[in-house]
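Structure assessment
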Amino acid sequence: PFPGEQAPSLLFVDSGGGGARAAPGAVLQDVPAPVFSLPGAQPLSLSYSQREITSLTESGRSAPPASPSPPCPHLAGCWAGAMAELPIPDVPPARCSGRFTISTLLGMEEGGRGPYTPTEGSSCDSAQPTQLSSSTLCTRTFGYNTVDVVPAYEHYANSKGVGDPRKGRPSLADLHSILKVTGGLAVPIASLASPGHAAGPCKVSVVGHCLLPLGAITGAVPTIRCMLNIWGVILYLRLPWITAQAGIALTWLIILMSVTVTTITGLSISAISTNGKVKSGGTYFLISRSLGPELGGSIGLIFAFANAVAVAMHTVGFAETVRDLLQEHNSLIVDPTNDIRIIGVITVTVLLGISLAGMEWEAKAQILFFLVILVSFINYLVGTVIPATAEKQAKGFFSYRADIFVQNFVPNWRGPEGSFFGLFSIFFPSATGILAGANISGDLKDPAVAIPKGTLMAIFWTTMSYLVLSATIGACVVRDASGSLNDSVAVGSPGCEGLACSFGWNFTACAQQQSCRYGLSNYYQVLMSMVSGFGPLITAGIFGATLSSALACLVSAPKVFQCLCKDQLYPLIGFFGKGYGRNSEPIRGYMLTYVIAVGFILIAELNAIAPIISNFFLCSYALINFSCFHASITNSPGWRPSFRYYSKWAALFGAAVSVVIMFLLTWWAALIAFGIVIFLLGYVLYKKPDVNWGSSMQASSYNMALNYSVGLSEVDEHIKNYRPQCLVLTGPPNFRPALVDFVGTFTKNLSLMLCGNVLIGPRKQKMPESRLMADGHTKWLMKRKIKAFYTDVVAEDLRSGVQMLIQAAGLGKMRPNILVLGYKRNWRTASPESLEDYVGILHDAFDFKYGVCVMRMKEGLNVSRVLQDTLALAADPTTLASEQQASTIFQSKQGKKTIDIYWLFDDGGLTLLIPYLLGRKKRWGKCKIRVFVGGQINRMDEERKAIVSLLSKFRLGFHEVHILPDINQKPRPEHIKRFDELIAPFRLNDGFKDEAAVNEMRQGCPWKISDEEVDKNRAKSLRQVRLNEILRDYSRDAALIAITPPIGRKGRCPSSLYMAWLETLSQDLRPPIILTRGNQENVLTFYCQ
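Scoring rules and cut-offs
Residues numbered from 1 in each chain as written. Predicted model: local features only at pLDDT ≥ 70, side-chain atom pairs only at ≥ 80, totals over all residues. Heavy atoms only, no water. UniProt positions renumbered as here; feature names shortened; annotations may be inferred. Pairing = 2+ DSSP bridges. Helix = DSSP H or I, 4+ residues; strand = E, 2+ residues; numbered from the N terminus. Axes fitted to C-alpha atoms, helices over the stretch in contact; angles between N-to-C directions. Contact = heavy atoms within 4.5 Å. Left-handed = near helix turned anticlockwise from the far one by under 90°. Nonpolar A, V, L, I, M, F, W, Y, C, P; charged D, E, K, R; others polar. Phe/Tyr/Trp six-rings, centres within 6.5 Å; stacked < 30°, edge-to-face > 60°. Buried < 20%, exposed > 50% of the residue type's maximum accessible area, 1.4 Å probe, protein only. Right-handed = clockwise from strand over helix to strand, strands pointing away. Expected span 1.5 Å × (residues − 1). Arc of directions from axis to C-beta. Salt bridge = Lys/Arg side-chain N within 4 Å of Asp/Glu carboxyl O. Core = buried A, V, L, I, M, F, W, Y, C linked by side-chain atoms within 4.5 Å. Patch = residues over 30% accessible without salt bridge, like charges linked within 9 Å, V, L, I, M, F, W, Y side chains within 5 Å. Areas by Shrake-Rupley, 256 points an atom, 1.4 Å probe, with all protein chains shown as cover. Lys, Arg positive; Asp, Glu negative; His and termini not counted. Charge placed at Lys NZ, Arg CZ, Asp CG, Glu CD. Parallel < 35°, antiparallel > 145°, perpendicular 65-115°, else oblique. pLDDT = per-residue confidence, 0-100. Polar contact = N/O pair within 3.5 Å; in protein donor to acceptor, adjacent residues only side chain to side chain.

Naming follows an unreviewed UniProt entry, where the protein chain appears as Solute carrier family 12 member 3 of Junco hyemalis. Note on the protein chain: under the UniProt heading Subunit (unreviewed entry), the record states "Homodimer; adopts a domain-swap conformation at the scissor helices connecting the transmembrane domain and C-terminal domain. Interacts with KLHL3. Interacts with IL18R1; this interaction is increased by IL18 treatment." Heading Catalytic activity (unreviewed entry) of the UniProt record for the protein chain holds this comment: "chloride(out) + Na(+)(out) = chloride(in) + Na(+)(in)".

Okay, the sheet that holds strand β7 (residues 789–795) next. The strand order across the open sheet formed by ten strands is β7-β6-β5-β8-β9-β14-β13-β10-β11-β12, and the pairing between neighbours is mixed. Lying at the two open borders of the sheet, with one neighbouring strand each, are β7 and β12 (960–964). With strand direction ignored, the average angle separating the axes of adjacent strands in the sheet is 20°. Here strand β5 (residues 726–729) runs beside strand β8 (residues 818–822); their pairing, made up of three bridges, is parallel. Opposite Val728, over in β8, you have Val820 as the bridge partner. In the packing of helix α27 (residues 798–808) onto the sheet, the strands contacted are β5, β6 (753–760), β7 and β8, and the crossing angle to β7 comes to about 135°. Running over the sheet, helix α31 (residues 910–919) touches β8, β9 (851–856), β10 (898–902), β11 (928–934), β13 (1040–1043) and β14 (1073–1077) and is turned about 170° from β10.

Our next topic: the packing of helix α21 (residues 606–633) against helix α24 (residues 696–713). With their axes 9 Å apart at the nearest point, α21 and α24 run at an angle of 35° to one another. Here α21 runs over α24; the crossing is left-handed. Only Ser696, Met697, Ser700 and Asn703 of α24 make contact with α21, whose side of the interface consists of Phe626, His630, Ala631 and Ile633. When grouped by side-chain class, the residues that make up the contact of α21 with α24 number four nonpolar, four polar and no charged.

Applying the stated criterion to the full structure yields 28 aromatic pairs. Relative to Phe576, the ring of Phe575 has its centre 5.4 Å away and its plane inclined at 85°; by these criteria the two rings are edge-to-face. Relative to Trp649, the ring of Phe629 has its centre 5.6 Å away and its plane inclined at 55°; by these criteria the two rings are tilted. Taken together, the positions of Phe629 in helix α21 and Trp649 in helix α22 (residues 648–665) put the pair 20 residues apart, joining distant regions of the chain. Owing to a relative accessible area of 11%, Phe629 belongs among the buried residues under this scheme. Connected via pairs of aromatic rings, a cluster forms that spans Phe742, Phe746, Phe890 and Trp924.

A separate point is the pairing of β13. In β13, alternate side chains face the same way, and those of Leu1040 and Ala1042 on one face and Ile1041 and Ile1043 on the other are all buried. In terms of strand pairing, β10 meets β13 through four bridges, oriented parallel. Within the sheet, the bridge partner assigned to Tyr902 lies in β13 and is Ile1043. In terms of handedness, the path from β13 via helix α37 (residues 1055–1066) over to β14 forms a crossover that is right-handed.

Count 3.6 residues to each turn of an α-helix, and residues three or four apart come out pointing the same way. Here α22 contains 18 residues, and its C-alpha end-to-end distance of 26 Å stays within 8% of the 26 Å for a straight helix at 1.5 Å per residue. The complete set of buried residues in α22 reads Ala651, Gly654, Ala655, Ser658, Ile661, Met662 and Leu665. One side of α22 holds all its buried residues, which, seen down the axis, span an arc of 130°. For α22, the elements touching its buried residues are α7 (239–273), α14 (420–427), α21 and α23 (667–687).

With that out of the way, let us pick up helix α19 (residues 535–567). Across its 33 residues, α19 extends 49 Å between first and last C-alpha, which sits within 8% of the 48 Å expected from 1.5 Å per residue. For α19, the buried fraction is high: 27 of the 33 residues fall into the buried class. Directly after α19, the chain includes Gln568, whose backbone phi takes a positive value near 55°.

Our focus in this paragraph is the environment of Phe427. Here Phe427 shows up in helix α14. In the structure, Phe427 is positioned 180 residues away from Asn607 in sequence and 9.8 Å away in space, judged by C-alpha atoms. Residue contacts for Phe427: discarding those within four places in its chain leaves Ile234, Leu239, Ile242, Ile254, Ile255, Ser258 and Tyr466.

This part takes up the pattern of salt bridges. All chains considered together, the criterion is met by 20 salt bridges. Each of the salt bridges in this network shares a partner with another, and the network as a whole consists of Asp966, Arg972, Arg1026 and Glu1029.

Moving on, we come to the nonpolar core. The biggest cluster of nonpolar side chains holds 139 residues, and the ones touching the most others in it are Tyr236, Ile254, Phe427, Tyr466, Val477, Leu527 and Val531. Looking at this core element by element, the count peaks at 15 residues for helix α9 (residues 293–328). For Leu527, the residues in contact, after removing those within four places along its chain, are Pro240, Ile473, Val477 and Leu520. Counting 55 residues, the second-largest nonpolar core is a separate cluster that includes Trp827, Tyr838, Ala1038 and Ile1043.

Quick look at a positive patch on the surface now. A cluster of basic side chains, namely Lys688, Lys748, Lys785, Lys787, Lys893, Lys896, Lys922, Arg923 and Lys926, defines a positive patch on the protein surface. Looking at Lys922, the relative accessible area reads 73%, which means it is exposed.

Looking now at the packing of helix α33 (residues 973–983) against helix α36 (residues 1018–1034). One way to put it is that α33 packs onto α36 with a least axis distance of 10 Å and a crossing angle of 125°. Put simply, α33 runs oblique to α36. Seen along the crossing, α33 lies across α36 with a hand that is right-handed. Contact with α33, carried on its side by His975, Ile976, Arg978, Phe979 and Asp980, involves Arg1018, Ser1021, Leu1022, Val1025, Asn1028, Glu1029 and Arg1032 of α36 and no other residues of that element. Looking at side-chain class alone, the contact of α33 with α36 contains four nonpolar, three polar and five charged residues.

The next point concerns a nonpolar patch on the surface. Together, Phe663, Trp667, Trp668, Leu671, Ile672 and Ile676 line one region of the surface with nonpolar side chains, adding up to about 620 Å² of accessible area. The biggest single contributor to the nonpolar patch is α23, with five residues. One can find Ile672 in helix α23.

Bringing the pairing of β10 into the picture now. Among the five residues in β10, five count as buried, and that is most of the element. Sheet topology note: the β10/β11 ladder contains five bridges and is parallel. Each bridged residue has a counterpart across the sheet, and for Asp900 the counterpart in β11 is Arg930. One crossover worth recording links β10 to the parallel β11 by way of α31, and it is right-handed.

Of the residues in the protein chain, 77% reach a pLDDT of 70 or more, and the chain-wide mean stands at 76. Highest mean pLDDT in the protein chain belongs to β5 (96); lowest belongs to helix α2 (residues 76–84) (37). Ignoring residues within four places in sequence, the model shows residues 1–139, a span with pLDDT below 50, making 249 contacts including any to other chains. Ignoring residues within four places in sequence, the model shows residues 870–875, a span with pLDDT below 50, making nine contacts including any to other chains.

Further remarks concern the side chain of Ser399. With respect to the element layout, Ser399 can be found in the loop between α12 (390–394) and α13 (402–409). A distance of 2.9 Å separates a polar side-chain atom of Ser399 from the backbone oxygen of Thr384. In this structure Ser399 touches Thr384, Val385, Ile386, Ala388, Ile404, Ala475 and Cys476, once residues within four positions along its chain are discounted.

The structure is reproduced here in C-alpha cells:
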C-alpha cells in the first residue's frame, strides 16, 4: 500500500472462477497483500480498505479488484493505463462456475437469482458470441457487475461515422444479447481505470497529464506568433509613408477597415477551432473540415502558396533595410536592385536552416524577435518625446506639435500608388498574420484554447500599436524636409512657405521641386530610426519584424501543404507530404516553399509583391467567415463551438466585405484568384475523393433535403408533375445489373429509384448481413453511376417482404408508384409456393395502386452465378463495391434501331411514358419509336387518325403509328399446341366438375388449372399466342419492346395460367421486352391545368 493506506486484506481466486468469501462483518487486518494468480498472468498485489471488505461481505458479494491511488493526481490516467494492461479478473459469486451470461449479471444486479441463472455445470453459451464476449465480461462500476462501462475519453476519440465501433465501449449486442465466455473469465479493461481517465497505456503525448505532449511548444498560446506575423515589414517600412499619403484620419480608417475584417475572421476562426479537436493543417484544416474537401482543398492550395509568397515579401523588406544601410555607408555589393536579391536569397536560406532545425529552435528564435521588437517600439516612443536636435529638425522631426498633427491629419496623395485602395492593398498584408497561430495548430498543446485567445489578443495589441504609431509619427514629422542644416531661417522670414517656416526651417525649394530627400513622405524607409532615442534599436526591430514574419510564413506554408498532400485531394503533390523525424517535419514542403520564395524575391520590389498576397489572403478570409456562417445556418447538432462570442451574420458580413475588397484592390488579381478557386473546386467535385469529414455542406444537404421533402408534402399532386417512381426488386443490385441499368436510365435526374432486397430467413441470422452489406450495395450503385437508394428488409418469405417494401418504402410524397421486377424464367421448375408468391406480388402491387413493370431478357437477368467470387466474399462490402462491373445492353448506344410500343390496353398511359423517357436519353436518342395498337380491318384509317391525334395532344413526338387488324386471327396450330403443352403439367383434369368439387380437388395446390378455367379463358390464351406471333414478325430487330400485358383476375385466374400467358406472350424474342401495366389512372394529359 501507499503511505497512508490501510493494511491490505486478503482474497484468493481459483482458476475456475469461484471466489472465497469472508464471513459477514469480518475484519481482515495485518495480513500481507494478496496475490492474484491466473494461468498466463503475472502476479499482482492490490489493497482493499476495511470499509470495502465489510460492505461487500455483508451484501454477500465477492470483493472486487482494488485500484490503488496513484502518488500523483495528475498521473491518474497514466496509472490507470498501467493497471489496465494487467489481466486481473473480477470475482463472480460462488454460484457461477466460470461462465457468465447477461441474465446472470441482471440477476446479480437485482440481488436475486434470475430466471436464466446457470447452475453448476450448466452451459449458457450463445449461438453467436459477440466480439466483447471473447475478451471482456464484466466490470464492477457502481458496486455491482455489469458489462456497461462508465463514460471515458477514448470511447469518443477518433470517431468517424455513425455506427462505427468505439474502442473500449461494449456494443449494443454485448448488452442486449446473450454472451458466451470460453476459457475462464474475461475482464473489461475499463474496470481498472478511474472514471475520469482513459483506460489504456499512458503515452507522453496525452494532453493534460504530468508530461507535455510531443512536439508541443512551451507556452503554446500563439499570441506572440500572431503579433510577430502582424508586426511585419509594413510596420516599420510602410506605415509612416501610408500616414504621409493618406493622412492620419484615412490611415486610421485603413487600419480599422483591415482590423474589422481580421477581427470578424478571428472570431470565426475561434468558433471553428473550438468546435472539436484541431489537428495540424491550420487554415486548410479548419476550412476543409468545416466546408468539405471541395472548397477546403482549393483554398488550402492557395493559402499555402500565399504563405510562400509572403516569405518573399518579408524577406525583401529585410533586404531593403540592409541595402539602405549599405547605401548610407557607400558599400553596395552590386547595385540597389541586385543587392536586394542577393541579400534576400541568403536570408531565406538561413531561415530555411532554422526551420529545418525543428519547431523548438524556431519557437526560441520567435521569442527573441518578439523581445527585440518590443524594445525597439519602446525606444521609438521614448524618442518622440525627446527634444529634437538641429540635425533631426533639418530632416523634418520637431517632436509633438499640434500644427504638424493638423496638417498630417488630411491626405496628400502622391505618385501612382497615391489612392485610398492602393494604400489599403499595401497595408492589408500586415493584418494577415492573424492566421499564424492557427497554421501551426498541430504543434499547439491545446489549439481549442490557444487559437482564440492568441488570435484575438494579437489583433487587439497590434491594432493599438498601429494606431499609436500612425498618430505619433504624424504629430512629429512634416511631410517634406531637405535635411540640410543651411535651410534654417528666422521665424516669419519672407518667401518661406510651408509649416516648417513657423519652426525656423525653409524647405520651400525642395518641396516645390519635389526633390526633398527627407520628411514623412520621402524618408519613410529609415524614418523611425531618426525619430527614435537610439537608431540601431529600430534597425534591430525591423530585422526582428521582417525575419520573424518570414520565418512564421516559412513554417506555415509547408505545414498547411503537408496536410493537403496527406488528404490526397489533388494528384502529383503527395511527394511533398512525407514527414520526417519525431514531429513529422515536411522537409520536402520546406524545400518547395524555399523555391517559390526565391522566385518572388527576385522581383525585388515590395510594393509589387504585397498586392498579390492581399487577394489570396482575402480569399482565405472570405471562406473562413463563410465556413462559420454556413456551419451556423445549417443548425447541425454537431456545431457546438465552445467559443460563443461570434455571430453568423457578422461572419457573413466579413465574407462579403472580403470579396468586395478583393475587387476594389486589384480586380484582375481577384478574378485570377476566383478562377483558380473555381478550377480547383471543379476538379475535386469531378474526382469526388473518398473522404468524410462531417462538413457543413453535408449538414446543409440534409437540411435542404428535409425542407424540400416536408414542403413537398404540402403540394397537391397533378398529372403534369407525375414522375415514375420505381421500387425495383433487384435483390442484391449487382445480381441484376440489366434491371438496375434499365430503370436507372429513365429515372436519372428525374425521379425516385429504390432498389429493394428481401433477405429471407430468421431475423437474428439476417440482420447482421443486412447491416454489413447495405453500405457495399450503395457503393456499388454509386460506382455504376446509378442515382438510386438501396433498402432491404428481413422477412420469412419473399411475398411478405415485398409487401413490407411496398407499404413502407419512400418518404412523404417521394414514394414509389411503380413496382419493377424481373421475369421469373424458372416458374415451371420452381416450387409451386414460389410461383404463388411471384404472382401474388403482382396482385399486391395492384392492390396498393402501384403500376407494374416486368422485364424479360432472352439471356436472363440474374448474373449471380457469374459472380461466384463475390458470393464467396459476400461479407466484404469493399470487395462488393470494387468488383468488375458487368456490362449490359442499357449501357451501350443503340444506334438507329426502333423502340416498339404495343399499346393494346389503355392503362393510363404508363406504357407510353416509360419508352418516351428512355428515348430522351443520349444512348437511345437515335432510336425511332413506333406505336402499335389493335384495330379492325375495315376502320384502319379512322382508328389510326384517332390514335395519331391523341398522341399529338400528348406531345410525345410519336408519329409512326401502326394498326394491327389481324390481332384477332387464330394463331398457327403448332403454337396453340405449344401453349397446351405449357399448361398441361398444371391442369387439374377434373372433367368439368362443379365448383365445390374443384375446390376440394385443388385443396393445397391453388395453382392448378381446372378444365372450366381453361375453357373460359381460351380466347384470352389464344390472344397471347397470336400477339407473340405478331411481335416476332414486326419487332424482330427492335432495340426494345414495350407491351401492355393482360391482368389476371385475383382469385379467378390461377397463378400457373397467368404465368403461361406471360411466357407465351414474351417467349423467343431477341430484344428485351418490358411488360408494363399502369394502375388505370392517368399519367399523361393534354390539358394546361
